[in-house]
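# Chain and residue survey
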Amino acid sequence: MFNPSSFIDEITPQLKDKIGNERVLAAVSGGVDSTTAAVLAYKILGDKVIPVLIDTGFLRKDEAKKVKYYLRDVLPNLIVIDKSDLFVSSIEGLSDAEEKRKKFRELFYSTISSLMKQYNAKYLMQGTIAADWVETQGGIKTQHNVLVQIGIDTEKQWGFTLIEPLADLYKNEVRELARYLNLPKEISERQPFPGPGLLVRVVGKLTREKLEIVREANEIVESSLSDFGYSQYFAAIFESSGILSKLSDNNVFIYDVKATGVKGDVRAYGNVVKIYCEDYYNVKNIVDKLEKYDITHVLCTVKEREEGKYSIAVRAVITEDFMTADYAKIPKEILSNIADQIFEKIHSVKEVLYDVTSKPPATIEFE
Ligand code: XMP
């Protein structure tokens, strides 16, 4: 059984010894892991800790403002730095999922590196947890924050030393620690949000238009599903055009985009398909038949219309450890209502789909 109080007793002298009189830059994303790490460090080391939130342009709607507000008491010295133009303009136009993730990582750490010089900090604190490096080591995804475990020497490459006090904890343990540290429940109970943010939910080529649409659609999905207790729920976007083929039974379509999944222990970049189904929660027979098409995500149509050029996929999953996950059984009328809201607010959306794939063969995110 994880005991937050003993964990703090154990980590306090270790952190104090290691940091001495140096300064620590704490990278905060507003997610539970990085915020808990920063608050823990602030409690132990006080003003030696400089918490920064980089607005990468891939945050959710008003996220930087909201996080600053939630943390006004527990992390009053949080600094928000707007780098959205740099990130979005550097990644705009890229299509390959791993290429986008790698570019994001490069920009993220070069930004951090110049902030460290500016604030005269020697150490960088991150909220990396066990699941992050397990998946990156397994070659499934380039998690943006996993460095040392895959052999990157941060001292050589960027000139700083990493500290990851939560690296051996799992998500539920981090939440327990967050509650113990009195973090507001908007943070401790928050659904996970990936470091590269909405970037991994813009499937295929990154454009500003797709990014703004997914930000809006994501807001609708989050506000509609926040009371259901699902582990993670969000929207992703891709171009609806380019359906390559209509399979033999007339009701299955393969899109001209690929998305990330997991096969065995390795990453698989596979096809995304659309099916028409009466019952979202009884699709096993259809999905089993599709195995030969190298598919990672199966999407059921919720609503479609003539105009528009984008597809929005709604995804909601239930999971204990995020290593495997089941798709959630959202009531049909709720999905239909989400689709109506999306159609009303975003004119360029042609269809709203629901992702009925578990992990594996899909991953939770699309890229
Ligand atoms: P996947 O998509 O790999 O996601 O099934 C598992 C969990 O990890 C989150 N995730 C990330 N978190 N940096 C992060 O901090 C990343 O690069 C990243 N990629 C995925 C994802 O949201 C889910 O909770």
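Residues numbered from 1 in each chain as written. Predicted model: local features only at pLDDT ≥ 70, side-chain atom pairs only at ≥ 80, totals over all residues.

Across its full length, the protein holds 12 helices and 13 strands. For 367 residues, the compact-globule estimate of 2.2 N^0.38 gives 21 Å, and the protein sits close to it at 21 Å. Projected onto its principal axes, the C-alpha positions of the protein cover 70 × 45 × 40 Å. Here the analysis covers contacts within the protein between residues at least 6 apart in sequence; of these, 73% occur between residues at least 24 apart. (Helix = DSSP H or I, 4+ residues; strand = E, 2+ residues; numbered from the N terminus. Rg over C-alpha atoms; globule rule 2.2 N^0.38 Å. Contact = placed C-beta atoms within 7 Å.)

Before going further, it helps to spend a moment on the packing of helix 2 (residues 32-45) against helix 8 (residues 171-180). Two elements in contact, helix 2 and helix 8, have axes separated by 10 Å at closest approach and are oriented at 45°. Viewed along their axes, helix 2 and helix 8 adopt a mutual orientation that is oblique. Remark: the crossing between helix 2 and helix 8 carries left-handed chirality. Along the contact surface, helix 2 presents Val32, Asp33 and Thr36, while helix 8 presents Val174, Arg175, Leu177 and Ala178. Here the contact of helix 2 with helix 8 is composed, by residue class, of four nonpolar, one polar and two charged. (Axes fitted to C-alpha atoms, helices over the stretch in contact; angles between N-to-C directions. Parallel < 35°, antiparallel > 145°, perpendicular 65-115°, else oblique. Left-handed = near helix turned anticlockwise from the far one by under 90°. Nonpolar A, V, L, I, M, F, W, Y, C, P; charged D, E, K, R; others polar.)

A few words on the UniProt feature "binding site: ATP" (unreviewed entry) in the protein. Within this structure's numbering, the places UniProt gives as "binding site: ATP" (unreviewed entry) are Ser29, Gly30, Gly31, Val32, Asp33, Ser34 and Thr35. Discounting chain neighbours no more than four positions away, the residues touching Ser34 are Ala27, Val28, Ser29, Gln126 and Gly127. Its location among the elements puts Thr35 in helix 2. (UniProt positions renumbered as here; feature names shortened; annotations may be inferred.)

Within the open sheet, the five strands sit side by side as 3-2-1-4-5. Their pairing is parallel. Because the sheet does not close on itself, it has two edges, and the strands there are strand 3 (79-82) and strand 5 (161-163). Averaged over neighbouring strand pairs, the angle between their axes works out to 30° when direction is ignored. Sheet contacts for helix 5 (residues 97-118): strand 1 (24-27), strand 2 (49-55) and strand 4 (123-125); angle to strand 1, the most-contacted strand, approximately 145°. (Pairing = 2+ DSSP bridges.)

Membership of the largest hydrophobic core comes to 55 residues, with the highest contact counts inside it found for Ala235, Ile237, Ile312 and Val314. Looking at this core element by element, the count peaks at seven residues for helix 10 (residues 208-225). Taken together, domain 1 (4-188) and domain 2 (202-355) each give at least three residues to this core, which thus spans both. If we ignore the near neighbours within four places in the chain, the residues touching Ile237 are Arg201, Val202, Val203, Lys210, Ile213, Val214, Ala217, Tyr310 and Ile312. Core analysis: the next-biggest nonpolar cluster, separate from the first, contains 35 residues, Val24, Ile129, Leu177 and Ala178 among them. (Core = buried A, V, L, I, M, F, W, Y, C linked by C-beta atoms within 7 Å. Buried ≥ 20, exposed ≤ 12 C-beta atoms within 10 Å, placed from the backbone. Domains from an automatic or database assignment.)

Every regular strand shows the same layout, with side chains that alternate between the two sheet faces. On strand 1, burial covers both faces: Val24 and Ala26 on one face and Leu25 and Ala27 on the other are all buried. In terms of strand pairing, strand 1 meets strand 4 through three bridges, oriented parallel. Residue pairing across strands places Val24 opposite Tyr123, the latter belonging to strand 4. Looking at chain direction, strand 1 and strand 2 are connected through four bridges and run parallel. Looking at strand 2, one finds that Val24 is bridged to Val49. For the crossover from strand 1 across helix 2 to strand 2, the handedness is right-handed. (Right-handed = clockwise from strand over helix to strand, strands pointing away.)

This part is about the confidence of the model for the protein. For the protein, the average pLDDT comes to 91, and 93% of its residues sit at 70 or higher. Across the interface, the model reports ipTM at 0.98; the global pTM reads 0.92. (pLDDT = per-residue confidence, 0-100.)

Following Lys359, the chain continues to Pro360 via a peptide bond in cis, the omega torsion being -10°. Following the sequence through the fold, Pro360 ends up in the segment after strand 13 (349-355). Note the cis peptide between Pro360 and Pro361, where omega equals 5°. Along the chain, the position of Pro361 falls in the segment after strand 13. Residues other than glycine seldom take positive phi values, yet Asp62 does so here, at roughly 55°. Looking at the element boundaries, Asp62 is found in the loop between strand 2 and helix 3 (63-70). Despite not being glycine, Asn182 has its phi angle at roughly 65°, a positive value. Mapped onto the elements, Asn182 comes out in the loop between helix 8 and helix 9 (185-188). Among the residues examined, Asn182 registers 11 C-beta atoms within 10 Å and is labelled exposed.

With that settled, consider helix 1 (residues 4-19). For helix 1, which comprises 16 residues, the first-to-last C-alpha distance of 21 Å matches the rise-based estimate of 22 Å (1.5 Å per residue) to within 8%. The sharpest bend along helix 1 comes to roughly 25°, located at Ile11, with the proline Pro13 sitting one to four residues further on. Counting buried positions over the 16 residues of helix 1 gives one, only a small fraction of the element. (Expected span 1.5 Å × (residues − 1). Bend = angle between axes of the 7 residues up to and from the residue.)

So, on to the domain arrangement of the protein. Splitting the protein by domain gives domain 1 (4-188) and domain 2 (202-355). Placing the centre of domain 1 and that of domain 2 at their C-alpha centroids yields a distance of 29 Å. Where the side of domain 1 that touches domain 2 is concerned, the elements lending two or more residues are helix 4 (84-91) and helix 5. Across the side of domain 1 that touches domain 2, the residue classes tally to seven nonpolar, four polar and six charged.

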